[in-house]
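Tertiary structure, described
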Amino acid sequence: MDRMIHTGGTRTWDVVVIGAGVIGTAIAARLSQTTARVLMLEAAGDVAEGASKGNAGVAPSYYAAPGTLEARLVSATYPRWPEVCRALDVPYRRLGGIIVALDEEQAAALPELCAEARGCGADAEILDGEAVRRLEPLVSEDAVAGLWMAEEGVIDPMRLTAAYAELAARNGVELRFDSPVIAMDRDGARVGAVVTPAGRFEARYVVNASGVRLGELSALAGGEAIRMWPRKGEYWLLDREFGSRLQRIVFAAPAKESKGIHVVPTTHGNALLGPSSDDRDEPDDKSTSEERLRYVFEQARRLVPSVSLDLAIKTFAANRPASEERTRVRLDAGVTNLLHVANRSSGVGSSLGTADYALDLLREAGLDVGERPGAAASLPAVPRLHDHPAPETLTSIDPRYGQVVCVCEQVSAAEIAAALESSVPARTLDGIRKRTRATGGRCQGAVCAAGVAFMCSLRYGLPPERIQAIDHGFLGVEP
Ligand SMILES: Cc1cc2nc3c(=O)[nH]c(=O)nc-3n(C[C@H](O)[C@H](O)[C@H](O)COP(=O)(O)OP(=O)(O)OC[C@H]3O[C@@H](n4cnc5c(N)ncnc54)[C@H](O)[C@@H]3O)c2cc1C
């Protein structure tokens, strides 16, 4: 089919995707493999600036009761991670996870959880306390039992989001950053166009993947009343000295409103303690509080007594897009070409299934697109100095591998250059950190930020002092 429809000099996009978090980019990547002509609009200056930036990256095999939409989407996703992460050059580790019961009451809840996990197709088994400690020797002596789930994994959520966006861009999706959607024009029962301060974009279908703003965007379109609110989660990031000793994901027994505190080895060898779970009013508030962080630490220490704040290198918070429905992937009840897609707590771990399901729903609603022959399904891998089996050989590929810019994370100038030259390039220090880990290690940029800023300044032709870090509250490089 004709991928671009011309209407009186303006062009109509088959699909406009609003929001470049993990869900919007996953959908854009999936659509990019079809004949659809796709535009992605993101209010922020980069991908992964919302919930997709501040999560633990747990890629679960079981998250919700069997038969629910959330369970279906997680089950449709997790078996694919090894292959997809290899294809997209995204760090992923299948470590297995243990829900730890610290008393008999928690142990009594495990059979039901085990039945649910198996009902979702996950590999799950109840173990006694000793068997739990054989799998993860750092677990507390107080553990009386545990639910072992061998297929749980961790993923780098920011690299995943950037990779989805990169794949989409390489397949022809147009991405526009700093483009908040401020209005939607109706054409009868449909959205006819999406409006940003830079212009008006005619659309046959609109995907609302704006996270915690989903209700506001629905209102802009005259769609369903959807109440969304931020559910804040706070974390400690611990140094590799601890993370390298932790072998499994250690989960607390789930509470009513959340999965409870976890102790999570990251894909880069650090460890995360968290998250808390507190309903709030302000979606942009990512502040941390001493009281909640103390709570997180105490809960984590009950599971793994050797966690130590002497090894803490950072704290951070992010807001889950909470709503009455944990997972929403459906067309608006009144606006026939508007698809709402949101996920409170498993958006990373269900993103592949969510993207496929979103495409199914768009097709059912009339989006007439086929698979596009020759569309890319993988990205060229950027060799990484820190885990390359023969790092000394890398200078023959690019001499800049010989220049280590970030010592803590062993990131070379070649990797930073790749992030600056990609199809969805980093534009800030934070953007470099998301794609390479530079400035994300023990010194948190104290040593390497100047070097990274210098490389950015060469790329963008700006003085280094104008290369700034979103994290620190400044503006990014102007487009
Ligand atoms: C503390 C915490 C821990 C979590 N742990 C996990 C985990 O371990 N595993 C897991 O799978 N999931 C986890 N999650 C959930 C996961 O992070 C979310 O489900 C997922 O990130 C949601 O992705 P999203 O793309 O819908 O939203 P977001 O990442 O928030 O993206 C929405 C995007 O829409 C943009 N936007 C908003 N309004 C507009 C507008 N008007 N115009 C244009 N763009 C707009 C925003 O700028 C943003 O970039 C966790 C979440 C939190 C907060």
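Residues numbered from 1 in each chain as written. Predicted model: local features only at pLDDT ≥ 70, side-chain atom pairs only at ≥ 80, totals over all residues. Heavy atoms only, no water.

Next up on the list: the packing of aromatic side chains. On inspection of all chains with the given rule, the structure shows 1 aromatic pair. Between the NZ or CZ atom of Arg190 and the centre of the ring of Tyr205, over which it lies, the distance is 5.2 Å. Over the ring of Tyr460 we find Arg459, and its NZ or CZ is 4.5 Å from the ring centre. (Phe/Tyr/Trp six-rings, centres within 6.5 Å; stacked < 30°, edge-to-face > 60°. Lys NZ or Arg CZ within 6 Å of the ring centre and 35° of its normal.)

Around the ligand, the surrounding shell holds 37 residues, and the nearest of these are Glu42, Ser52, Val58, Asn343 and Gly349. A distance of 3.1 Å is found between an oxygen atom of the ligand and a side-chain nitrogen or oxygen belonging to Asn55. Note that an oxygen atom of the ligand is positioned 2.9 Å from one of the backbone N or O atoms of Gly347. For the ligand, whose unbound accessible area comes to 1,000 Å², protein coverage reaches 94%. When residues of the shell around the ligand are traced back to their parent elements, those giving at least two are helix H1 (22–31), strand E14 (228–238) and strand E19 (312–323). Looking at the shell around the ligand, the element that brings in the most residues is E19, giving 3 residues. For the shell around the ligand, a count of residues per class yields 16 nonpolar, 17 polar and 4 charged. A domain-level breakdown of the shell around the ligand finds at least three residues from each of domain 1 (5–52 + 158–227 + 325–364) and domain 2 (92–153 + 229–320). (Near = heavy atom within 4 Å. Polar contact = N/O pair within 3.5 Å; in protein donor to acceptor, adjacent residues only side chain to side chain. Areas by Shrake-Rupley, 256 points an atom, 1.4 Å probe, with all protein chains shown as cover. Helix = DSSP H or I, 4+ residues; strand = E, 2+ residues; numbered from the N terminus. Nonpolar A, V, L, I, M, F, W, Y, C, P; charged D, E, K, R; others polar. Domains from an automatic or database assignment.)

In this section: the pattern of salt bridges. According to the stated counting rule, one finds 36 salt bridges in the structure shown. Residue Arg204 pairs with Asp14 through a salt bridge whose shortest N-O separation is 3.0 Å. With a gap of 190 residues between them, Arg204 in strand E13 (residues 199–208) and Asp14 in strand E2 (residues 10–18) connect regions that are remote in the sequence. The exposure class assigned to Arg204 is partly exposed, which follows from its relative accessible area of 21%. Accessibility expressed as a relative area gives 0% for Asp14, which makes it buried. Salt-bridge contacts for Arg80 lead to Asp356; the nearest nitrogen and oxygen are separated by 3.1 Å. With Arg80 in the loop between helix H2 (69–77) and helix H3 (81–88) and Asp356 in helix H10 (residues 351–364), this residue pair connects regions lying 276 residues apart in the sequence. A relative accessible area of 32% places Arg80 in the partly exposed class. (Salt bridge = Lys/Arg side-chain N within 4 Å of Asp/Glu carboxyl O. Buried < 20%, exposed > 50% of the residue type's maximum accessible area, 1.4 Å probe, protein only.)

With respect to the secondary-structure elements, His268 resides in the loop between strand E16 (262–265) and strand E17 (271–274). Excluding residues within four positions of it along the chain, His268 makes contact with Pro91, Asp156, Arg240, Glu409 and Arg437. (Contact = heavy atoms within 4.5 Å.)

Structurally, the position occupied by Arg384 is in the loop between H10 and strand E22 (404–406). Setting aside its immediate chain neighbours within four residues, Arg384 contacts Asp89, Arg159, Glu415, Arg435 and Thr436.

The next point concerns unusual backbone geometry. Omega for the bond connecting Gly274 with Pro275 falls within 30 degrees of zero, at -5°, which places this linkage in the cis form. Here Pro275 is to be found in the loop between E17 and strand E18 (278–279). You will see that Arg437, though not glycine, has its phi angle at about 85°, which is positive. A relative accessible area of 15% places Arg437 in the buried class.

For the rest of this paragraph, the subject is the domain arrangement of the chain. Considered domain by domain, the chain is made up of domain 1 (5–52 + 158–227 + 325–364), domain 2 (92–153 + 229–320) and domain 3 (385–472). Just the C-alpha atoms count here: the centres of domain 1 and domain 2 sit 32 Å apart. Between domain 1 and domain 2, the residue contacts involve 7 residues of the former and 9 residues of the latter. Taken over both partners, the interface formed by domain 1 and domain 2 buries close to 820 Å², and the fraction arising from carbon and sulfur atoms is 52%. Per-residue buried area on domain 1 facing domain 2 is highest for Val212, Arg227 and Arg344; these three make up 59% of the total on that side. Connecting domain 1 to domain 2 are 1 salt bridge. Taken together, the connections running from domain 1 to domain 2 amount to 2 residue pairs in polar contact (both at pLDDT 80 or more). Classifying every residue of the side of domain 1 that touches domain 2 gives 2 nonpolar, 1 polar and 4 charged. (Buried area = accessible area lost by both parts, 1.4 Å probe.)

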